[in-house]
Amino acid sequence: MASGSIPEQLLMNDELIRSLIEVAKDTALLHGVLMRTTESPNFPEVVTHAPFTLFPSPVPKGLFEQALKVQTLFNQLVDRISQDPCFLEEALASTIKVDKFTARLFDIYRHVLKEGRSQSIVLGLNRSDYMVDQRPDGSTSLKQIEINTIAASFGGLSSQTPAVHRHILKVAGLLEEQKKVLNNDPAAGLAAALAKAWQLYGSERAVVMFLVEDVQTNIYDHRYIENELWRRNIPVIRRRFDDVFDTGSLDSDKRLFVGSQEVAIVYFRNGYMPQNYTEQSWEARLMMERSKAVKCPDISTHLAGTKKVQQVLTQPGVLEKFFPDDPEAVTQIRATFAGLYTLDMGAEGEKTVAMALEKPDQFVLKPQREGGGNNVYGADICRVLEKVKGGSERMAYILMDKIFPQPVQNYLLRQGTPVKLSTCISELGAFGAYVRQGTEMLLNECVGHLLRTKSIEHADGGVAAGVAVLDNPLLF
Ligand code: ADP
Ligand code: MG
Ligand code: MG
């Protein structure tokens, strides 16, 4: 196991670690790396630090740069998929036969297509996530885990964590490492793209509406982006699906009003999983999608981020269709793809089933879900596949090669959990932002990164799922 950039005798020095943990937690609070508690998610009086690592984690410099560089191509790819109804119909045809949630999203998509889009401004804020695959021969490569095209989080808090890690390293006497902690400010870049789309919408009084959950544990992550908009004199409101259902309406030009306020942009920080929806929420979602408000993401971009689309993109010739004159773009994107396999009915799907049953530890079985904790690993793959393999139910899943990053020792700091030295692996995210009007791409950028780290005891799950914690890369 690699010890990373932190000397082992320091990691084992209990007394020093105890004092560093205290410094670390106070520093996180001072720098606003905050969350509300699960017991009191809607009361600002009860805050704690968001979970984070005591030390930053090593990431190979070349692979880090590769992730940032390829992001503008992923932005283009997602955006082009979102404009290709034939592709989306074909790619998701099997999925929507058996997955009710994706089917429901697809119904809204069809509705909007039929009625005609009422807004030519498109705003995409996404996060493409990767792990560093360590092969038996010691070589490493960057492999995409997934791309999140809706409600990609932690752009706010990750703008604050570099200062925390710098301080911890200084106090630990690691002055050279301290200098290597990278600046990161996704909140500014995400807000800049929101601001650009708001200007294009062209109404000073119209608001940016954050569509939020009832349970607001991660509100501070939003607030960094929100306050950046207010700083630019762009008004922001926070509303739930229920609020939109109760007080939302479209005027004769399909302008969206919530209460008396015109909405320029709906920024979805909710609505990515079935539990987010009641019948009323579905109605509210449809109204927003039909409206003239800029949706971030619109329904087609949401669908472009499904795991089924990710799998279809790895098939021969598919990327080429989206970049017909740019073989270099195809090469760069494809270099990040892990093996992904269909479970559709037919010979290909049969092959996938057999392969997974033979070596379940080499794969991850994924349904069309977001938010962590939904994937299937190891022996559970056999259990699930034995149940679904004979029928169409299996088409709700895709199979993916399991990525094996090099583990590193670190301490994970989470409120209310005893701290112990853990064997950890990290996942690197690149934040993408783009704004298109009609056929013209007006902004296309990578606006920052996110490193999340978890103990190898947990196969699955992000920060919100209570498994991973916030981190920073130390490039080597
Ligand atoms: P979600 O949309 O729920 O975040 P992901 O595809 O990101 O779904 O999977 C959740 C977590 O499962 C990831 O953060 C990662 O820790 C783990 N995971 C997913 N795919 C793989 C893979 N191919 N190899 C190893 N771990 C994976
Ligand atoms: Mg996801
Ligand atoms: Mg994920």
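Note on numbering: residues in each chain are counted from 1, in written sequence order. Just so you know, chain letters begin at A and ligand numbers begin at 1, following the order they were written in. Only residues with pLDDT of 70 or above have their local features reported here, since the model is predicted, and side-chain atom pairs are shown and tallied only from 80 upward, although totals for entire chains, interfaces and linings are computed over all residues. As a convention, hydrogens and water are excluded, and side-chain values are obtained from all of the structure's heavy atoms.

## Structural notes on the UniProt feature "domain: Glutathione synthase substrate-binding" (unreviewed entry) in the protein chain
Reasoning step 1: UniProt positions are given in the numbering used here, feature names are shortened, and annotations may be inferred rather than shown by experiment. The sites that carry the UniProt feature "domain: Glutathione synthase substrate-binding" (unreviewed entry) are, in the present numbering, residues 206-304.
Reasoning step 2: Put simply, DSSP H or I for four residues or longer makes a helix, DSSP E for two residues or longer makes a strand, and each gets a number counted from the N terminus. Helix makes up 38% of residues 206-304 and strand 26%, with an end-to-end C-alpha separation of 28 Å.

## What to know about the coordination of the magnesium ion (ligand 2)
Reasoning step 1: Only N, O and S atoms count as donors, using a 2.8 Å cut-off from the metal and 3.2 Å for Na, K and Ca, and because water is excluded some sites may appear unfinished. Protein ligation of the magnesium ion (ligand 2) involves Glu146 (OE), Glu146 (OE), Asn148 (OD1) and Glu370 (OE), the donor distances falling in the range 1.9 to 2.3 Å.
Reasoning step 2: Read from N- to C-terminus, the donor residues coordinating the magnesium ion (ligand 2) fall into the pattern E-x1-N-x221-E.
Reasoning step 3: Taken as a pair, the magnesium ion (ligand 2) and the magnesium ion (ligand 3) show a spacing of 3.6 Å, with Glu146 coordinating each metal. Of the two residues, Glu146 sits in strand S6 (residues 140-148) while Glu370 sits in the loop between strand S14 (363-367) and strand S15 (376-377), which places them 224 residues apart along the sequence.
Reasoning step 4: Judged by relative accessible area, Glu146 falls into the buried class, the value being 12%.
Reasoning step 5: Think of it in three bands: with a 1.4 Å probe and only protein chains considered, a residue is buried below 20% of the maximum accessible area for its type, exposed above 50%, and partly exposed in between. Residue Glu370 is classed as buried on the basis of its relative accessible area of 15%.

## Considering the site of ligand 1
Reasoning step 1: Proximity is defined per residue: any heavy atom of the residue falling within 4 Å of a molecule or strand makes that residue near it. Of all residues adjacent to ligand 1, which total 21 residues, the nearest are Lys366, Glu370, Gly372, Glu427 and Lys454.
Reasoning step 2: Interatomic distance of 2.7 Å between a backbone N/O atom of Gly372 and an oxygen atom of ligand 1.
Reasoning step 3: For the purposes of these results, a polar contact is taken to be a pair of N or O atoms within 3.5 Å, where, inside protein, one atom must be able to donate a hydrogen and its partner to accept one; residues adjacent in sequence count only when each atom of the pair is a side-chain atom. In the model, an oxygen atom of ligand 1 is placed 2.9 Å from a nitrogen or oxygen of the Asn375 side chain.
Reasoning step 4: Only S6, S14 and strand S16 (397-401) provide two or more residues apiece to the shell around ligand 1.
Reasoning step 5: Three classes are used: nonpolar for Ala, Val, Leu, Ile, Met, Phe, Trp, Tyr, Cys and Pro, charged for Asp, Glu, Lys and Arg, and polar for all others, with Gly counted as polar. Taken together, the residues that form the shell around ligand 1 break down as seven nonpolar, four polar and 10 charged.

## Notes on the UniProt feature "binding site: Mg(2+)" (unreviewed entry) in the protein chain
Reasoning step 1: The UniProt entry lists Glu146, Asn148 and Glu370 under the feature "binding site: Mg(2+)" (unreviewed entry), expressed in the numbering used here. Across 225 residues, the annotated set stays spatially compact, with a maximum C-alpha separation of 10.0 Å. From this annotated list, the subset lining the second largest cavity comprises Asn148 and Glu370.
Reasoning step 2: Relative to the assigned elements, Asn148 resides in strand S6.
Reasoning step 3: Here Asn148 is in contact with Leu125, Asn126, Arg127, Asp129 and Glu370, once residues within four sequence places are set aside.
Reasoning step 4: A distance of 3.1 Å separates the side chain of Asn148 from the side chain of Asp129, its partner in a polar contact. Space inside and on the surface of the protein is sampled on a 1 Å grid over the protein atoms alone, with a cavity defined as a set of points where a 1.4 Å probe fits but cannot get out and a pocket as an open set with protein on both sides within 12 Å along at least 5 of 7 lines; lining residues have an atom within 4 Å of a point. Contact between two residues is taken to exist if any of their heavy atoms lie within 4.5 Å; hydrogens are not considered.

## Side note on empty space enclosed by the protein
Reasoning step 1: Grid points are joined across faces, edges and corners, and a volume is the space filled by probe spheres set on the points. Summed over all chains, the structure comprises six cavities of 30 Å³ or more.
Reasoning step 2: Size it by volume and the largest cavity reaches roughly 180 Å³.
Reasoning step 3: Lining the largest cavity we find 17 residues, and of these Val112, Arg117, Glu289, Lys295 and Asp298 sit closest to its centre.
Reasoning step 4: When residues of the lining of the largest cavity are traced back to their parent elements, those giving at least two are helix H5 (100-115), strand S5 (121-134), strand S12 (294-296) and helix H12 (299-304).
Reasoning step 5: The class makeup of the residues in the lining of the largest cavity is nine nonpolar, four polar and four charged.
Reasoning step 6: Within this model, the second largest cavity holds a volume of roughly 120 Å³.
Reasoning step 7: Around the second largest cavity, the lining is made up of 15 residues, and of these His302, Gly305, Thr306, Gln368 and Glu370 lie nearest the centre.
Reasoning step 8: Within the residue set of the lining of the second largest cavity, elements represented by two or more residues are H5 and S6.
Reasoning step 9: The leading source of residues in the lining of the second largest cavity is H5, at three residues.

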